[in-house]
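# Close look at the chain arrangement
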Amino acid sequence: MNNVTANMSSDEGVVGNFVSRRLFFLQYLHVLEFVVAALVFVVINSLRQRRHYGLPVWPFLGMLPSLVSGIRSDLYEWISDILCEQNGTFRFKGPWFSSLNCVVTADPRNLEHLLKSKFSVFPKGPYFRDTVRDLLGDGIFNADDETWQRQRKTASIQFHSAKFRQLTAESVLELVHARLLPVLENAVNQSISIDLQDVLLRLTFDNVCMTAFGVDPGCLRLGLPEIPFAKAFEDATEATLLRFVTPTCVWKTMRCLDLGTEKKLKKSIKGVDEFAEEVIRTRKKELSLQTEDKKQRSDLLTVFMRLKDEQGKPFSDKFLRDICLNFILAGRDTSSVALSWFFWLLEKNPVVEQKILAEICKIINERDDMKNGADLKSPLIFRPEEIKKMDYLQASLSEALRLYPSVPVDHKEVVEDDTFPDGTLLKKGTKVIYAIYAMGRMEAIWGKDCREYKPERWLRDGRYMSESAYKFTAFNGGPRLCLGKDFAYYQMKFVAASILYRYRVEVVKGHVVVPKLALTMYMKHGLKVNLIKRHESELQVYLKNNV
């Protein structure tokens, strides 16, 4: 009897457990159904917002998942595609816990508004200044208001002086013929490939140091040596860039604790400062011993040393250091990066290269010594007036800059409520990103052939004609229009003509060319090329055709 009772109790327990488990499962199933339904609702709602905002807007995360996806592929093309779909402007919504919210635009009307019409409403802003201050201090690239105006005025006078123009032209000639061409010739003689981007960066670094500091770091020499100051400067700029993609509280904590990239930045800046301090100290000593009849220097450092601040006192060593480092940053990367993309585009468009060579030979033919049968084998040095005549070459360089601007994106900060010409509302404190790279890929600006490399779009009756700075923003626009624009074109034309007249540049087969995510549009893996020397017979064809 007891056994029967026990069995019955056991059966009832089993049934009870079964019922309990089933009820629990049903409750779990209801919860699961609710969670799935909620997720489906969130996904559908987020994706539906794409039609209005251009990207899905996720709870808490905003558009961050799409941004991560864009960074993993090609960020600049990703931005371009969105802007084309959104008629030139869209509002990026970052995570709730971040400060990534911003307005992104490539509309020429908006650019003219923020770069010119309402210039005072759109400064660099405290966020930008705070992020780069350790490296650039209060220099022109980082400054706003009176500090920027004072430097801009002084530098403008210097850049337009005959003495400075002569200095820059002479330095380019010396660097090209005494260093660049020997390095290229050595590569040809040894039948080795070179990273042309690296070589061009060395050229512009030496050049800008000579015009800013009045010193020659000697980066571009046979063997391509590593220069401590150049290495420290490169490391410092790269570490500074990482701050823009790191939460402010994180990198400031790392700086206080001297960790990671902030430790590297601190060490790099120390190397940069040691070089700058030594140059400033030496220059002050030279100026104190200089007599009136001695030829005066024309570099920017010396010019600012002779001036006084608003209190009538000489500028501090720290301020002089900031000025020079800012001009090195502005002048080093832009021309070299633009030339790298230019040579890459030429290989893909051989007809353009032939037209450039024909133009160069036509100009050479106009020389009196060529009319009298001068020898092609003698070293040829282009004259300033000849460089000025190279309209098709300038059009080809401008077209390269249109498609691959040296500064692909730039940003401002709104200091008072405003509205863009396209109707976009801007609240005080809003960050505005203007996408220069995307502008070159918008049919509304450049037509249906906007992605084609077509130098002819810059020519009118065979003469080069510039475009609006708010349509072609490679050199910025408005009051901050690049002071070195004319010199940059002269430098690029002189270098390009000197190379193309002597060599064909062929990209190494299989070499991957993609942009690097940086302040300037470096090629991520450099530009590995082989140089093929032009035979005299090839040049004679162009020369005879231009007789």
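By the naming in an unreviewed UniProt entry, the protein chain is Cytochrome P450, taken from Gossypium darwinii. What the UniProt record of the protein chain gives under Cofactor (unreviewed entry) is the line "heme". Comment text from UniProt for the protein chain, heading Subcellular location (unreviewed entry), reads "Membrane".

## Description of the packing of aromatic side chains
One pass over the full model with this rule turns up 27 aromatic pairs. Ring centres of Phe159 and Phe164 lie 5.0 Å apart, and the angle between their planes is 40°; on these two criteria the pair is classed as tilted. Accessibility expressed as a relative area gives 4% for Phe164, which makes it buried. Through a chain of ring-to-ring contacts, the aromatic side chains of Trp446, Trp458, Tyr464, Phe472, Phe475 and Tyr489 assemble into a single cluster.

## Quick word on the side chain of Asn110
With respect to the element layout, Asn110 can be found in helix α5 (residues 108-117). The exposure class of Asn110 is buried, given its relative accessible area of 0%. Looking at Asn110, its side chain comes within polar contact range of the side chain of Asp422, at 2.9 Å. Filtering out sequence-adjacent residues up to four positions away, Asn110 remains in contact with Thr89, Thr105, Phe420, Pro421 and Asp422.

## Considering the packing of helix α12 (residues 260-289) against helix α14 (residues 317-348)
It is at 10 Å that the axes of α12 and α14 come closest, and there the two elements cross at 110°. Taken as axis vectors, α12 and α14 run roughly perpendicular relative to one another. Here the hand of the crossing between α12 and α14 comes out right-handed. From α12, Ile269, Val272, Asp273, Ala276, Ile280 and Lys284 reach across to α14, where they touch Asp317, Leu320, Arg321 and Leu325. Partitioned by chemical class, the residues of the contact of α12 with α14 number 6 nonpolar, no polar and 4 charged.

## Quick notes on the UniProt feature "binding site: heme" (unreviewed entry) in the protein chain
UniProt's entry tags Cys482 with the feature "binding site: heme" (unreviewed entry), counted in the numbering of this structure. Looking at the secondary structure, you find Cys482 in the loop between β9 (463-464) and α21 (485-502). A residue is classified by how much of its surface remains accessible, and Cys482, at 32% relative accessible area, is partly exposed.

## Section: the pattern of salt bridges
Tallied over the full model, the rule gives 40 salt bridges. In this structure, the salt-bridge partner of Arg243 is Glu262, at a minimum N-O distance of 2.8 Å. Here Arg243 is found in the loop between α10 (228-242) and α11 (248-257), whereas its partner Glu262 is found in helix α12, with 19 residues between them in sequence. Residue Arg243 shares its accessibility class with Glu262, and that shared class is buried. Where Lys355 meets Glu456, a salt bridge forms, and the shortest distance between an N and an O atom there is 3.0 Å. Of this pair, Lys355 sits in helix α15 (residues 350-365) while Glu456 sits in the loop between α20 (443-446) and β8 (459-460); the two residues are 101 residues apart in sequence, bridging distant segments of the chain. For Lys355, a relative accessible area of 38% gives the class partly exposed. Three or more residues joined by partner-sharing salt bridges are found here, namely Glu399, Arg402, Asp449, Lys454 and Arg457.

## So, the sheet that holds strand β11 (residues 528-533)
Strand order in the open sheet made by the 3 strands is β3-β11-β10, with antiparallel pairing throughout. If you trace the sheet from one side to the other, it starts and ends with β3 (194-195) and β10 (503-507), each paired once. Of the strand pairs in this sheet, β10 and β11 are connected by 5 bridges, and their pairing is antiparallel. In the sheet register, Tyr503 faces β11, and the bridge partner there is Lys533.

## Quick look at a nonpolar patch on the surface
Together, Phe60, Leu61 and Trp96 make up a nonpolar patch on the protein surface, roughly 380 Å² of accessible area in all. Tracing the sequence through the fold places Leu61 in the loop between α2 (50-53) and α3 (64-72).

## Topic: the layout of surface pockets
Looking at the second largest pocket, its volume works out to about 610 Å³. Lining the second largest pocket we find 23 residues, and of these Arg165, Asp486, Phe487, Tyr489 and Tyr490 sit closest to its centre. Tallying contributions element by element places α21 first for the lining of the second largest pocket, with 6 residues. The residue makeup of the lining of the second largest pocket, split by class, is 10 nonpolar, 6 polar and 7 charged.

## Notes on the pairing of strand β2 (residues 102-105)
Burial along β2 is two-sided: the residues Cys102 and Val104 and Val103 and Thr105 are all buried. Two strands pair when backbone bridges link them, and strand β1 (residues 89-92) and β2 are joined in this way by 4 bridges, in the antiparallel orientation. Each bridged residue has a counterpart across the sheet, and for Arg91 the counterpart in β2 is Val103. Examined bridge by bridge, β2 and strand β7 (residues 431-435) share 4 bridges and lie parallel to one another. Pairing of Cys102 across the sheet is with Lys431, part of β7.

## Digging into the packing of α15 against α21
Packing of α15 against α21 brings their axes to within 10 Å, and their N-to-C directions diverge by 100°. As summarised for this structure, α15 and α21 are arranged roughly perpendicular, according to the angle between their axes. The residues of α21 that touch α15, namely those facing Glu353, Ile356, Leu357, Ile360 and Ile364, are Ala497, Leu500 and Tyr501. Residues that form the contact of α15 with α21 fall into these classes: 7 nonpolar, no polar and 1 charged.

## A short note on the sheet that holds β2
Spatially, the 4 strands line up as an open sheet ordered β1-β2-β7-β4, and their pairing is mixed. The sheet terminates laterally at β1 and β4 (409-413), the two strands that pair on one side only. Put simply, the sheet's adjacent strands are angled 25° from each other on average, direction ignored.

## Concerning unusual backbone geometry
Leaving glycine aside, a negative phi is the common case for residues, and trans is the common case for peptide bonds. Although it is not a glycine, Asp145 sits at a positive phi angle of roughly 55°. Residue Asp461 is not a glycine yet carries a positive backbone phi of 55°. Within the element layout of this structure, Asp461 appears in the loop between β8 and β9. Look at Asp461 and you get exposed, because its relative accessible area is 82%.

The rules behind these values
Residues numbered from 1 in each chain as written. Predicted model: local features only at pLDDT ≥ 70, side-chain atom pairs only at ≥ 80, totals over all residues. Heavy atoms only, no water. UniProt positions renumbered as here; feature names shortened; annotations may be inferred. Phe/Tyr/Trp six-rings, centres within 6.5 Å; stacked < 30°, edge-to-face > 60°. Buried < 20%, exposed > 50% of the residue type's maximum accessible area, 1.4 Å probe, protein only. Helix = DSSP H or I, 4+ residues; strand = E, 2+ residues; numbered from the N terminus. Polar contact = N/O pair within 3.5 Å; in protein donor to acceptor, adjacent residues only side chain to side chain. Contact = heavy atoms within 4.5 Å. Axes fitted to C-alpha atoms, helices over the stretch in contact; angles between N-to-C directions. Parallel < 35°, antiparallel > 145°, perpendicular 65-115°, else oblique. Left-handed = near helix turned anticlockwise from the far one by under 90°. Nonpolar A, V, L, I, M, F, W, Y, C, P; charged D, E, K, R; others polar. Salt bridge = Lys/Arg side-chain N within 4 Å of Asp/Glu carboxyl O. Pairing = 2+ DSSP bridges. Patch = residues over 30% accessible without salt bridge, like charges linked within 9 Å, V, L, I, M, F, W, Y side chains within 5 Å. Areas by Shrake-Rupley, 256 points an atom, 1.4 Å probe, with all protein chains shown as cover. 1 Å grid on protein atoms, 1.4 Å probe; cavity = no way out; pocket = protein on both sides within 12 Å on 5 of 7 lines; lining within 4 Å. Points joined across faces, edges and corners; volume = space filled by probe spheres on them.

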